[in-house]
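Commentary on secondary and tertiary structure
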Amino acid sequence: MQPFRFDLCELPGETEGLREEIRAFLAEELPRIPKATRAQTWSGSDAAFSRKMGAKGWIGMTWPKQYGGHERSFFDRYVMLEEMLAAGAPVGAHWIGDRQSGPLLLRFGTEEQRRKILPRVAKGECYFCIGMSEPDSGSDLAATRTRADKVDGGYKVNGTKLWTSGAHTAHYMIGLFRTNLDPQNKHAGLTQFLVDLKNTDGITIRPIKDLAGNAHFNEVVFQDAFVPDGMMVGTEGGGWGQVTAELAFERSGPERYLSSFLLMVEMIRELEKRGGAEGACEIGRLVAHLVTLRQMSLSVAGMLEKGENPALEASVVKDLGAIFEQDMPVRAHELLGIEPMVGEGSDYEQVLGYLTQTVPSFSLRGGTREILRGIIARGLGLR
Amino acid sequence: MNELQTILSDSVNGLLAERVTKTLVQKAEEGEFPAALWNEAEANGLTRVLVPEADGGAGGTWADAAIVLKAAGEHVAPLPLADALLANWFLATAGIEVPEGVTTLLDGDFTLDGGKLSGEASRVSFGRNARYGVAIAKGVVVLVSLDGAEIEHGINVAREPRDRVVLRGAAATAKKAPLPANAMRLYGALIRACQMAGALGYLSSQSVAYANERTQFGKPIGKFQAIQQQLAVLSTQAAACGVITDHACAQADKRGHDAVFEIAAAKIRVDDASSIATSIAHQVHGAIGFTYEHGLHFATRRLWSWRAEFGAGREWAEELGRETIAAGAGALWPRVTAR
Ligand SMILES: Cc1cc2nc3c(=O)[nH]c(=O)nc-3n(C[C@H](O)[C@H](O)[C@H](O)COP(=O)(O)OP(=O)(O)OC[C@H]3O[C@@H](n4cnc5c(N)ncnc54)[C@H](O)[C@@H]3O)c2cc1C
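Residues and elements named next belong to chain A. The full set close to the ligand counts 16 residues, and Ser133, Ser139, Ser165, Thr368 and Glu370 are the nearest of them. In this structure, an oxygen atom belonging to the ligand sits 3.0 Å away from a main-chain N or O atom of Met132. The contact in question runs from an oxygen atom of the ligand to an N or O atom on the backbone of Ser133, over 2.7 Å. For the ligand, the accessible surface in isolation is 960 Å², of which the surrounding protein chains cover 65%.

To continue, consider the pattern of salt bridges. A side chain of one charge can pair with a side chain of the opposite charge when the charged atoms of the two come close. All names here are of chain A. Within this structure, the stated rule accounts for 51 salt bridges over all chains. Across the salt bridge formed by Glu16 and Arg19, the nearest N and O atoms sit 3.3 Å from each other. On the criterion of helical spacing, the pair formed by Glu16 and Arg19 is a turn pair, its members being three residues apart in helix H1 (residues 15-29). Judged by relative accessible area, Arg19 falls into the buried class, the value being 1%. Between Lys52 and Glu29 there is a salt bridge; the shortest N-O distance is 2.9 Å. Placement of Lys52 in helix H3 (residues 47-56) and of Glu29 in helix H1 is noted, with a sequence separation of 23 residues between them. Judged by its relative accessible area of 36%, Lys52 is partly exposed. One continuous salt-bridge network, built from bridges that share partners, spans Glu16, Arg19, Arg23, Glu82, Glu83 and Arg294.

Residues and elements named next belong to chain A. Each assigned domain of chain A is listed here: domain 1 (15-126), domain 2 (130-237) and domain 3 (253-379). The straight-line distance from the C-alpha centre of domain 2 to that of domain 3 is 31 Å. Taken residue by residue, the interface counts four residues in domain 2 and four residues in domain 3. The contact between domain 2 and domain 3 buries some 320 Å² in all, and 60% of this surface belongs to carbon and sulfur atoms. Considering only the side of domain 2, the residues that lose the most area to domain 3 are Ser139, Leu211 and Ala212, jointly responsible for 87% of the buried surface there. Applying the counting criterion to the domain 2 and domain 3 interface returns zero salt bridges. Counting across the domain 2 and domain 3 interface gives zero residue pairs in polar contact (both at pLDDT 80 or more).

Turning to the packing of helix H10 (residues 280-305) of chain A against helix H8 (residues 260-285) of chain B, a few remarks are in order. How two helices pack is summed up by the angle between their axes together with the distance between the axes. At their nearest, the axes of H10(A) and H8(B) sit 8 Å apart, and the two run at 95 degrees to each other. Between H10(A) and H8(B), the angle falls in the class roughly perpendicular. When H10(A) is examined against H8(B), the residues A:Gly284, A:Arg285, A:Val287, A:Ala288, A:His289, A:Val291 and A:Thr292 are found in contact with a partner set consisting of B:Phe261, B:Ala265, B:Ile268, B:Arg269 and B:Asp272. Classifying every residue of the contact of H10(A) with H8(B) by side-chain character gives six nonpolar, three polar and three charged.

This part is about the interface of chain A and chain B. Contacts between chain A and chain B engage 49 residues on the former and 46 residues on the latter. Counting the surface lost from both chain A and chain B, the interface buries some 4000 Å², and carbon and sulfur atoms represent 69% of this. The largest contributions to the chain A side of the interface with chain B come from A:Leu8, A:Cys281 and A:Leu382, which together make up 15% of the buried area. For the pair chain A and chain B, the interface holds two salt bridges. One salt bridge connects A:Glu10 with B:Lys254, and the closest N-O pair in it is separated by 2.5 Å. On inspection of chain A and its partner chain B, the count reaches 12 residue pairs in polar contact (both at pLDDT 80 or more). Within the residue set of the side of chain A that touches chain B, elements represented by two or more residues are H1, helix H4 (74-87), helix H8 (255-258), helix H9 (261-274), H10, helix H11 (311-336) and helix H13 (369-379) of chain A. The element contributing the most residues to the side of chain A that touches chain B is H10(A), with 14 residues. Split by residue class, the side of chain A that touches chain B holds 27 nonpolar, eight polar and 14 charged.

Time to look at the domain arrangement of chain B. Residues and elements named next belong to chain B. The domain architecture assigned to chain B consists of domain 1 (3-176) and domain 2 (183-337). Put simply, the middle of domain 1 and the middle of domain 2, counted by C-alpha atoms, are 23 Å apart. Between domain 1 and domain 2, the residue contacts involve 32 residues of the former and 33 residues of the latter. Together, the buried faces of domain 1 and domain 2 total about 2800 Å²; carbon and sulfur atoms form 63% of this surface. The tally of links from domain 1 across to domain 2 stands at six salt bridges. Salt-bridge contacts for Glu160 lead to Arg302; the nearest nitrogen and oxygen are separated by 3.6 Å.

Turning our attention to H3(A). Residues and elements named next belong to chain A. Every buried residue of H3 is listed here: Phe49, Ser50, Met53 and Gly54. Summarising the axial view, the buried residues of H3 lie within an arc of 145 degrees, below the 170-degree limit, and thus occupy one face. In this structure, the buried residues of H3 make contact with H1, H4, helix H5 (92-108) and helix H6 (111-122). Immediately downstream of H3, the backbone of Gly57 shows phi near 85 degrees, a positive value.

Calculation rules
- Throughout, residues of each chain are indexed from 1 in the direction in which the sequence is written.
- Naming scheme: in the order in which they are written, chains are lettered from A and ligands are numbered from 1.
- Only residues with pLDDT of 70 or above have their local features reported here, since the model is predicted, and side-chain atom pairs are shown and tallied only from 80 upward, although totals for entire chains, interfaces and linings are computed over all residues.
- No hydrogens and no water enter the side-chain calculation; it runs on all heavy atoms of the structure.
- Nearness here has a simple test: a residue counts as near a molecule or strand if at least one of its heavy atoms is within 4 Å of that partner.
- In the analysis that follows, any N or O atom pair within 3.5 Å is treated as a polar contact, provided that within protein one partner can donate a hydrogen and the other can accept it, and provided that, for residues neighboring in sequence, both atoms belong to side chains.
- We get accessible surface area from the Shrake-Rupley algorithm with a probe of 1.4 Å; when it comes to residues, only the shown protein chains can shield them.
- In the sections that follow, a salt bridge refers to a side-chain nitrogen of Lys or Arg positioned within 4 Å of a carboxyl oxygen of Asp or Glu.
- By definition, any uninterrupted DSSP run of H or I lasting at least four residues is a helix, any uninterrupted run of E lasting at least two residues is a strand, and each is numbered from the N terminus.
- Accessible area is worked out with a 1.4 Å probe on protein chains only. A residue is then buried under 20% of its type maximum, exposed over 50%, and partly exposed in between.
- Note that the domain bounds reflect an automated or database-derived domain assignment.
- Residues count as neighbours in contact if any of their non-hydrogen atoms are within 4.5 Å of one another.
- Note: buried area is the sum, over both parts, of the accessible area (probe 1.4 Å) each one loses when the two are combined.
- Only the contacting stretch of a helix is used when fitting its axis, a line to C-alpha atoms as for every element, and angles between N-to-C directions run 0 to 180 degrees.
- Working definition: roughly parallel below 35 degrees, roughly antiparallel above 145 degrees, roughly perpendicular at 65 to 115 degrees, and oblique for all remaining angles.
- Charged means Asp, Glu, Lys or Arg here, nonpolar means Ala, Val, Leu, Ile, Met, Phe, Trp, Tyr, Cys or Pro, and polar covers whatever is left, Gly included.
- Of all possible arcs, the one meant is that of the directions from the helix axis to the C-beta atoms.

The following block contains the structure:
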C-alpha cells in the first residue's frame, strides 16, 4: 500500500470565469514585460503589478473578509496561481505573504497582527520574507542559532539569517529564533517572530548576488535588534511545529512544477518555426509529464480545500516537479543546441539563459531533494 | 470510491491475492492456463465491468474498470482479463451479445466479406487460450470464434502468450459501432497503462517491504539512506502513474472517444516510469530479485513487455508532440487547462 493519497480533483466549472478574467488581465499587462523577465515568474518582483493584483482581489483570495481577504475557494486561488505562473507574471513581491506568511498569521497570529498587517498584504502593498536558513543551519533547521533573549517588553535578537529571498524589499520577516538555549532540546527552543524590517534598529540587510548576477536573496544580520512582545507569532517554543505546518503550504503549490514552463513554450515556438516533426517526441514526453504533474498538484489543492493536511503529497509533487523543471533546459539543449544568452538574443535564447542558470536552485529552495525524499521515505515507513 | 468500486475492488483484489500464487504464475509460464481462475473471474463479472447492466454487465465506467485493470497488473494475473474487459466493451458498444469464455483482442489487419472475417493479428494476447476474438474492421466490431483459427504460438518476455492468429473466412457476428478508427490501439494503450500502473504500485510496496526485511551490516537495508532515497523515487514514480491513469480513465468517461490526449499522456508517463522503477526495484532486491525463484520479475518482465504494446511511449509522444507543435506554442496552456 502506498502511503500517499492522490484523489483526482476536477476544478469546479465556476472557476472558468475567473480564468478568463485573469487571462484578459494578463493579455493587457504582460506584453510590455520582456520574456526573459517573465521567466522569473514568482522570483520576479514588481510592486506596481502586485498592487494591481491586490486591487483585483487576487491576493489573500481565501482569507476572511475581515482581514482584507475575499473568502474565495482554494480552487479559485489555484486557478489564479497557475494562470500567473504559466504566463510568467511578476508575482514575486507579494508571493511569500500570500502563500505562506498570511496563512501563518491567520492560523497562529494575534488578532492585532492580523488586523494590522493582513489587509495591506491583500492590497499588494506589504511584502514578506522568510528567515529560516542561517550560515550553519540549512537543511538542519533545528540548528538555528539566531537568539531572541527576553528583555523588558520584548526580545533582543542577535544572529544572522542567510539566503533570505526578498529581504531587501520586504516589510516583514517571519523569523525563526532560538528562545531557549537548552542544547538537549533543540526543537522546543524555537519561536517564530514577526520582524518589522523597515522600522527596527540593529538590522543590516546585505544583498547576495546569485550566480547569474541577480540580487534576490540576502544576508540579514541582527545586532541587538529589539522585537516587542506583541510580535511573537504563536507560542514561545512552538516554532518548530508551526514551521512544519508552514512548509506544507510552501511546498504544495503549482510553482513547484511550473517554474520552467516559459521555456517549454519557447521551445515549441522554435520547433514551430522549423516545421516538420523535429522534436515531436521530446515535446510529447514533456506534455505527458506536465499533464501528470498538474493532476497531482490539483489533487493536493483538493486536499487543502477539504481542510486535509497534504504535507506528504506536497513533498511528492515538489520532488517530481523539480525534476521536470530542472530537466527543461537540458531537454532544450539536447533538442535545439542553441547557446543560452543573457541581455541579448532571441526570447528563446534569453529565457534559456535565465533558466539554465537558475534551475539548480529548484531542488534546494523550499527543502532540498534529499530532505524531501527523506520525508517521503518516512511516509513509506522506512525511517 | 463509490459502492460499485468498493465491491469491484474487494472482489478483484480478494480473488487475485488469494489465487495468483507464485506456483500459479510459474505454471502459466510453462503453458498451463489457469482456467479455473478465469472462470471465477468471469463469474464475478470482472470481464464485464464496461458492459451495460441490461446486457449482463456491471454497467461500469472506465474509472470502475481501472480498479480491475490495476489489480490485474498489481497481482500479475496470468489471464487476459484486461483484454477481455476491453473486447467485451467493444462488443457491447456495437450491440453484440457478450459470449461466455475467454475472449481476447485481435489487433491486426482484417477484412470482412459477406459476414466472413479474414486476416491476421501477430501478437494476440492469450490467443491459444481464447474461445473468441474481437476485431475491428473499418468501424465494424467483429466477434469470431477462434475454434478453427490457425494459431502459431509466441510469447512475450513475460512468457505471456502472444500468438499469431490467422483467419480465413471465419464465420463472424459483425455490427457497426460508434468507435473511432484507432479504437483498438487507443483503448489498448489505456488498458495496458492501467495494468502498468498497478504493476508499478506493486514494485513500490514490494521493494519497501523487502528493504524492511533484508538485513545487512546489522540493520535492515531500508535504514540506509541511499536505499531510502531510491525507494522514495520509486514510490513517487508509482504515484504519478496512479494519478495519470486515473485521469485518463476519468476523461475517457467524460469525453467519450475524445480522450486521446490523456490516454497518450498516460501511456507515455507509465512507460517512462517503468524504466526507472524496474531498475530501482531490482537494485534494492539484490541478487535474489534476479532469480527466477523470487517473484519480482513477474512484474518487471511484464512492464518491459507491456510498455511496447499498443504503441510504446515514444510513438504516443511523437503523436502528442506533433499535434502540440502544430497547434502552436500559445495553444499548449489553454489546452492543458481546458481538460
Ligand atoms: C534561490 C534560493 C532561495 C532561498 N530562499 C530562502 C529564504 O527565503 N529563506 C530561507 O530561510 N532560506 C532560503 N533558502 C535556503 C534554502 O532553504 C536552503 O538552501 C536549503 O534548506 C538547504 O540548505 P543549505 O543550502 O545550507 O544546504 P545544506 O543543508 O548544507 O545541504 C547541502 C547538500 O547536502 C544535502 N544534505 C544535507 N543534510 C542532509 C541529510 N541529512 N541527508 C542527506 N543529504 C543531506 C542537501 O540535500 C544538499 O544536497 C533559499 C535557497 C535558495 C537556493
